[in-house]
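Summary of the model geometry
Below, each chain spelled out in residue letters.
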Amino acid sequence: MGVSVLIQSTTVNEFTAVAGVSITKALRAIPTASIRTVDRAGAYLPAVGNHVEIQDDGTIMFGGSILEVERIKRRSSLALLETHVSCVGLADRLEKRLTGQYEWTGETGGTIIAQMVYQSLAGDITDTTLVEAGPVVDSFITDLATAREFLEAVCGLTGFEYYVMPDGKLAYFDASLNLAPFGITDGLNVTKLTTRETREDFCNNATAKVASVLRDPETQSFVGNGVNRSFPVTYPVSSTPTVFVAGVEQTVGISGVDTGKDFYWSDGSAEVHQDSGAAPVGVGIAIDITYVGIESIMVNSVNVASVSARATAENNSGNYEKLLQIEQRLTRADAQAIVDAYVDRHSALSIVLTIETNNLIEPDLKDIEPGQVLPVTLTGWNAVGNYLVRSVNLQMRKDDSAEYRWEGRIEAISGPVLRNYIDVFRDITGGGGRVSGSGSIPGGSGGSGTYVFEPAKLTAPLTISAPIAATAGARLVVFVTQGAGSYTISWGPEFVVLVGQASAIEDEITAFDFVGRSDGLWWQTGHPLLGLL
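Report follows, based on the coordinates. (Residues numbered from 1 in each chain as written. Predicted model: local features only at pLDDT ≥ 70, side-chain atom pairs only at ≥ 80, totals over all residues. Heavy atoms only, no water.)

Some details on the sheet that holds strand S9 (residues 130-131)
With respect to topology, three strands assemble into an open sheet ordered S9-S12-S11, the strand pairing being mixed. Bordering the open sheet on either side are S9 and strand S11 (161-164), each of which pairs with just one other strand. As paired strands, S9 and strand S12 (residues 170-173) are joined by two bridges and run parallel to one another. If you follow Val131 over to S12, its bridge partner there is Tyr172. Where helix H2 (residues 109-120) meets the sheet, it contacts S9 and S12, and its direction lies at approximately 165° from that of S12. (Pairing = 2+ DSSP bridges. Helix = DSSP H or I, 4+ residues; strand = E, 2+ residues; numbered from the N terminus. Contact = heavy atoms within 4.5 Å. Axes fitted to C-alpha atoms, helices over the stretch in contact; angles between N-to-C directions.)

Observations concerning the packing of H2 against helix H3 (residues 147-158)
Between H2 and H3, whose axes approach to 10 Å, the crossing angle comes to 170°. With respect to H3, the element H2 is oriented roughly antiparallel. Only Ala147, Phe150, Leu151, Val154 and Thr158 of H3 make contact with H2, whose side of the interface consists of Gly109, Ile112, Ile113 and Met116. Tallied by class, residues from the contact of H2 with H3 come to seven nonpolar, two polar and no charged. (Parallel < 35°, antiparallel > 145°, perpendicular 65-115°, else oblique. Nonpolar A, V, L, I, M, F, W, Y, C, P; charged D, E, K, R; others polar.)

Points about the nonpolar core
Ile54, Ile368, Leu374 and Trp406 are the most contacted members of the largest nonpolar core, which has 40 residues in total. Residue contributions to this core peak at five residues, all from strand S27 (residues 385-396). Formed by 39 residues, the second largest nonpolar core is a distinct cluster that contains Val137, Phe160, Cys203 and Val210. (Core = buried A, V, L, I, M, F, W, Y, C linked by side-chain atoms within 4.5 Å. Buried < 20%, exposed > 50% of the residue type's maximum accessible area, 1.4 Å probe, protein only.)

Some words on the sheet that holds strand S23 (residues 294-302)
The three strands lie next to each other as S23-S14-S24, forming an open sheet whose pairing is mixed. The open sheet is flanked by S23 and strand S24 (321-331), the only strands paired with a single partner. Averaged over neighbouring strand pairs, the angle between their axes works out to 20° when direction is ignored. Note that strand S14 (residues 205-214) and S23 share eight bridges and pair antiparallel.

What about the environment of Lys261?
Among the structural elements, Lys261 can be located in the loop between strand S19 (252-254) and strand S20 (263-265). Residues Lys261 and Thr251, ten residues apart in the sequence, show an inter-C-alpha distance of 5.3 Å. Look past the residues within four positions of Lys261 in its chain and what remains in contact with it is Thr251, Val252, Gly253 and Asp275.

Here it is in C-alpha cells:
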C-alpha cells in the first residue's frame with residue numbers, strides 16, 4: 001500500500017511531491033507535518049483548516065489539520081502550482097479549549113482526565129480508552145485552564161505522561177512501562193548513534209512560591225449584635241462554607257449568583273455575609289462559620305545525595321537552585337509533591353541519545369511515538385539503559401511506495417524519569433506525601449488498584465507466587481533484585497508470563513507489570529524493564 005496522504009478524507013498522492021512529506025512529534029508538544037504538493041495544471045490548492053492524515057500501510061502516522069498554505073509560482077508562463085502545507089496535530093485542540101471550573105477530591109488522575117474530556121472536549125477529543133487510572137490525587141481544582149494546562153497539572157501530580165495519538169485517542173500512561181516497538185541491541189537497525197551527557201536543566205534544590213494553598217477546614221465564631229450582617233474571616237474563602245446560627249445550619253449561596261439563601265460567600269473573599277433582606281442576627285446569638293481558607297506559602301525540596309555528588313565532582317557547594325512559581329490552587333501536600341517531582345526529574349545528569357535510522361533496517365520505525373521507553377543494550381557507546389523517547393522526526397524519501405521510504409531521527413533521554421521509577425511506586429504505596437495510591441500488598445485481599453510486590457534480593461532460584469488474588473482491572477508490579485549468583489526466577493500458575501527472566505547483573509532490578517483479569521490470573525502487559533538501579 002505504501003504511504004497515503006489524505007486531505008479532507010481524499011487521497012492526494014498524485015499531487016504529493018517526491019520526498020515531500022515530513023512528520024515531527026515531541027512529548028508534551030503539538031505534532032507537526034509538512035506536505036509539499038505540485039499540480040502541473042495549477043488547480044489543486046489545499047485549504048487552511050482541512051483535515052489531514054498521513055498513513056503508511058493503513059497505520060495512521062499523523063492526524064491533524066492544515067495551519068497554513070504557502071503558494072509558489074516559479075515561472076509566470078507555466079500553469080504549475082506548488083504549495084508548502086504546514087499542519088498541526090490533533091493535540092492542537094488542547095490549546096483551543098477551556099476546561100471550566102471543577103474540583104475533584106480523592107480521584108485517580110485517569111478519572112479526573114476522563115471526566116474533563118467528557119465535560120470539556122466534546123467534538124474534538126473524545127476517546128479515552130488509552131487513559132490509565134494511575135495514582136489517586138488528593139485534591140485537584142481547575143479554574144478555566146486550557147486542556148493542555150489541565151493535563152500537565154495532573155501529570156505534575158502523578159508522574160504520568162499524556163499524549164494525543166495520531167488517530168485522536170488521548171493516552172495517559174506511566175512512561176516507564178510504555179515500551180517502544182523496538183530496541184537497540186547490536187546496532188544493525190541504526191545508521192548513526194550519538195550520545196551526549198549533559199547538565200541540561202539540572203536542579204537539585206528547588207523552592208516554590210505557591211500563590212494559593214488550601215488550608216485545613218477551620219471554624220471561626222462570632223456573636224450577633226443586632227446590626228452586623230457581614231462577618232470577616234481570617235483567610236480568603238475557597239469553597240462553600242457551612243454556617244450555623246444558634247446551632248441551626250443555614251443555607252449558603254454564591255454572592256451575585258444565587259438567591260434566596262441565608263448567607264453568601266465569594267471565591268477569594270474573606271467575608272461571609274447575610275442576605276441583605278434578612279434581619280441581622282440578634283444580640284448574643286452565636287454564629288459559627290466553618291470554611292477552607294487560602295494562603296500563600298513557600299515549599300522546598302532538596303536531593304541531598306545529588307548535592308553531595310556534585311560537590312565532590314565539581315569542588316563547590318554542589319547546589320543547583322531554582323525558584324518555581326506555582327499559580328494553581330493546591331493542597332499543601334500537592335504543592336510539595338510538585339516540587340518533589342521537579343527535583344526528582346532534574347537532579348541527575350542526563351544522557352541524550354540521538355538515533356538515525358530508516359524503515360528498511362528498522363521496519364517498526366513508523367510505530368515509534370514520544371513517551372515510549374526504548375531499551376539499549378549495545379555496549380561500547382556509554383549508552384546501555386532505558387531511554388524515554390521525547391521527539392521523533394520522520395522524513396519521506398524517494399516515492400510513496402518504495403520499500404525504503406522513511407528516514408527517522410529519534411531523540412531519547414535517560415535520567416530521573418526512568419531512574420526514579422521505583423521510588424515513584426514506593427512513594428505511592430507508602431503514602432509519601434504527594435499522592436495517595438492504592439496501598440501496598442494488603443494481606444489476602446483483592447482490589448482494583450495498583451499493588452507493588454518486592455521480594456528480597458535473590459540468593460537462590462525463586463518461584464514467585466502472587467501475593468494477592470487477581471481481580472479485573474487491578475495492577476501488580478513485581479520488582480526483582482538480582483543476587484550474586486545470577487539466579488533464575490519462575491512464576492506460579494496464577495501468572496500468565498510472556499518474558500519472565502530478570503537481569504543477570506547483581507543488584508540490578510527488573511520490573512514486571514501485570515494486570516488482573518476476570519479469569520483470576522495476572523496477565524503480563526509487556527516486556528519487563530531491565531537494568532533499573
